[in-house]
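Summary of the model geometry
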Amino acid sequence: MIVINLDVMMAKRKMSLNELSEKVGITLANLSILKNNKAKAIRFSTLDAICKALECKVEDIIEFVND
């Protein structure tokens, strides 16, 4: 199972959902869906923008967990 750790990275960077939304150019609703592990897919361009905004690597946000 793929787990999105967006909330963890946001907390480490002390960044709110509103701030990340503005930096990345994604609606709050779509970021919330991603943050709550409800997303079915994510574009590479979105992932790239999130990583740049949070100054992190993809593996800091996306994790594979054996279920």
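The notes below deal with the structure included here.

1. Some thoughts on helix H2 (residues 17-24)
All of the buried residues along H2 are Leu20, Ser21 and Val24. Buried residues of H2 fall within an arc of 105° about the axis and therefore sit on the same side. Those residues of H2 that are exposed and angled more than 90 degrees off the buried face are Glu22 and Lys23. Along its buried surface, H2 packs onto helix H1 (6-12), helix H3 (28-35) and helix H4 (44-54). Looking one or two residues past H2, Gly25 carries a phi angle of roughly 80°, positive in sign.

2. A look at the packing of H2 against H4
At a closest axis distance of 9 Å, the pairing of H2 and H4 adopts a crossing angle of 120°. Classified by the angle between their axes, H2 and H4 sit oblique to one another. The interaxial crossing formed by H2 with H4 has right-handed handedness. On H4, the residues touching Leu20, Lys23 and Val24 of H2 are Thr46, Ala49, Ile50, Ala53 and Leu54. Looking at side-chain class alone, the contact of H2 with H4 contains six nonpolar, one polar and one charged residues.

3. Considering the pattern of salt bridges
Any two side chains of opposite charge can pair if their charged atoms end up close together. Scanning the model with the defined rule gives two salt bridges in all. Across the pair Lys23 and Glu19 runs a salt bridge, and its minimum N-O distance is 4.0 Å. One end of the pair is Lys23 and the other is Glu19, both in helix H2 and four residues apart, which spans about a single turn. We note a salt bridge from Lys52 to Asp48, for which the minimum N-O separation is 3.1 Å. One end of the pair, Lys52, and the other, Asp48, are both in helix H4, four residues apart, so they sit about a helical turn from each other. Residue Lys52 is classed as exposed on the basis of its relative accessible area, which comes to 59%.

Conventions used here
- Residues numbered from 1 in each chain as written.
- Predicted model: local features only at pLDDT ≥ 70, side-chain atom pairs only at ≥ 80, totals over all residues.
- Heavy atoms only, no water.
- Buried < 20%, exposed > 50% of the residue type's maximum accessible area, 1.4 Å probe, protein only.
- Helix = DSSP H or I, 4+ residues; strand = E, 2+ residues; numbered from the N terminus.
- Arc of directions from axis to C-beta.
- Contact = heavy atoms within 4.5 Å.
- Axes fitted to C-alpha atoms, helices over the stretch in contact; angles between N-to-C directions.
- Parallel < 35°, antiparallel > 145°, perpendicular 65-115°, else oblique.
- Left-handed = near helix turned anticlockwise from the far one by under 90°.
- Nonpolar A, V, L, I, M, F, W, Y, C, P; charged D, E, K, R; others polar.
- Salt bridge = Lys/Arg side-chain N within 4 Å of Asp/Glu carboxyl O.

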